[in-house]
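The lines below spell out each chain.
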Amino acid sequence: MSDGFQALDIILFAMIAAFLVLRLRSVLGKRTGHEKRPPDGATESRRESHSDDNVVELPDRNIDTSDPVFEDIDPDDPIAAGLTEVTIADPSFDLETFKGGATAAFEVVVQAFAEGDTKALRGLLNDEVFDNFSTAIEEREKAGEVLETTVISIKNADIIEARINGRTAFIAVKIVSEQVNVTRDKEGVTIDGDENQITDITDLWTFARNTRARDPSWTLVETRSPN
């Protein structure tokens, strides 16, 4: 009889052991040889960094310059190479979106300068350009002069230069606009311009952006006229 109980005990222990093994497998998992590899720590950190700070994953440098972003640019043109560098540094960069933003910024800055609105200018310009604009506004106000500017239309906005310097992308835009500009003295007499004349004006503006910054905004860092 004791032998029977002993055999029963052995069977019972074996069932308990099998149950525990199954429980462990259900909790810990069982490798079958077909599982996905666990994510590489460096790769994950790069992805998280990209997500948070717009940091580019540098190993992927196969940017296709036949993409519609470059459709109106000669592949042999250095501008295309510069835009490729910008796209590598900031994969979220879109040429048409940038050009739309640049022309919108142009109209805001031109109007704010004419109205002497330094608060509107502050967020769009770097320190050097802001200081230059502010000085011109102060001199105009001291002289009692008023500038009236109306941007009728923007005829063209063409990229003339694109480059990367460290983490910062620079893009220069040639903007041709139709404007009416009139300057009046403190008596209201016109001393420059003609309110009935539309003039084509060409400006060369350079915008910059830290490609690793979370803020997607571009800042105006240089303004000049063609030689």
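If you're wondering where the values come from, they're calculated on a predicted model, not measured in any experiment.

Student: How should I be thinking about the confidence of the model for the protein chain in this particular structure?
Tutor: Low-confidence regions, as indicated by low pLDDT, have predicted coordinates that should not be scrutinised in detail. When the pLDDT values of the protein chain are averaged, the result is 79; 67% of them are 70 or greater. Taken element by element, the predicted model of the protein chain shows its lowest mean pLDDT in helix α2 (residues 41-53) (39) and its highest in strand β2 (residues 168-184) (98).

Student: Where do I start with the nonpolar core in this structure?
Tutor: Grouped burial of nonpolar side chains is what soluble globular proteins tend to show. Core analysis: the largest hydrophobic core is formed by 30 residues, its most contacted members being Phe-98, Ile-171 and Phe-207. Elements with a contribution of two residues or more to this core: α3 (78-89), α4 (95-115), α6 (127-142), β1 (146-165), β2 and β4 (199-210). With eight residues, the top contributor of residues to this core is α4. With residues near it in sequence (within four places) discarded, Ile-171 still touches Leu-83, Phe-93, Phe-98, Ile-159, Glu-161, Ala-162, Trp-205, Thr-206, Phe-207 and Trp-218.

Student: Which parts of the structure should I look at to understand the packing of α4 against α6?
Tutor: Angle between the axes and distance between the axes are the two parameters that describe a pair of packed helices. Two elements in contact, α4 and α6, have axes separated by 9 Å at closest approach and are oriented at 35°. In this structure, α4 uses Val-109, Phe-113, Ala-114 and Glu-115 to contact α6, whose residues at the interface are Phe-133, Ala-136, Ile-137 and Arg-140. The class makeup of the residues in the contact of α4 with α6 is six nonpolar, no polar and two charged.

Student: Mind showing me how you'd approach the pattern of salt bridges here?
Tutor: Between side chains of opposite charge, a pair can form when the charged atoms approach closely. Applying the stated criterion across every chain yields a total of seven salt bridges. Ionic pairing is found between Arg-209 and Asp-90, a salt bridge with its closest N-O pair at 2.9 Å. Linking Arg-209 in strand β4 with Asp-90 in the loop between α3 and α4, this pair joins segments that are 119 residues apart in sequence. You can call Arg-209 buried: its relative accessible area is 4%. Salt bridges sharing common partners tie together Glu-148, Arg-184 and Glu-195.

Student: Where do I start with the pairing of strand β3 (residues 190-193) in this structure?
Tutor: Moving residue by residue along a regular strand, the side chains alternate between the two faces of the sheet. Alignment of β2 against β3, held across three bridges, turns out to be antiparallel. Looking at β3, one finds that Val-182 is bridged to Gly-193. Hairpin connection between β2 and β3: a loop of five residues separates the two successive antiparallel strands, and Gly-188 in this loop has a positive phi of roughly 85°.

Student: Hey, could you run me through the environment of Asn-196 in this one?
Tutor: Assignment of secondary structure puts Asn-196 in the loop between β3 and β4. For Asn-196, a relative accessible area of 68% corresponds to the exposed category. Sequence separation between Asn-196 and Asn-181 is 15 residues; the distance between their C-alpha atoms is 9.4 Å.

Student: What exactly am I supposed to notice about α3 here?
Tutor: Because the α-helix completes a turn every 3.6 residues, residues three or four places apart line up on one side. Here α3 is twelve residues long and its end C-alpha atoms lie 17 Å apart, about the 16 Å a rise of 1.5 Å per residue gives. Across the twelve residues of α3, nine count as buried, placing the element largely inside the fold. When we look at burial in α3, the residues that qualify are Ile-79, Ala-80, Gly-82, Leu-83, Thr-84, Val-86, Thr-87, Ile-88 and Ala-89. Tucked inside the fold, the buried residues of α3 contact α4, β1 and β2. You can read the cap of α3 off the contacts: a side-chain oxygen lies 2.8 Å from the backbone nitrogen of Ile-79, and it is on Asp-77.

Each value, and the rule that gives it
- Residues numbered from 1 in each chain as written.
- Predicted model: local features only at pLDDT ≥ 70, side-chain atom pairs only at ≥ 80, totals over all residues.
- Heavy atoms only, no water.
- pLDDT = per-residue confidence, 0-100.
- Helix = DSSP H or I, 4+ residues; strand = E, 2+ residues; numbered from the N terminus.
- Core = buried A, V, L, I, M, F, W, Y, C linked by side-chain atoms within 4.5 Å.
- Buried < 20%, exposed > 50% of the residue type's maximum accessible area, 1.4 Å probe, protein only.
- Contact = heavy atoms within 4.5 Å.
- Axes fitted to C-alpha atoms, helices over the stretch in contact; angles between N-to-C directions.
- Nonpolar A, V, L, I, M, F, W, Y, C, P; charged D, E, K, R; others polar.
- Salt bridge = Lys/Arg side-chain N within 4 Å of Asp/Glu carboxyl O.
- Pairing = 2+ DSSP bridges.
- Expected span 1.5 Å × (residues − 1).
- Polar contact = N/O pair within 3.5 Å; in protein donor to acceptor, adjacent residues only side chain to side chain.

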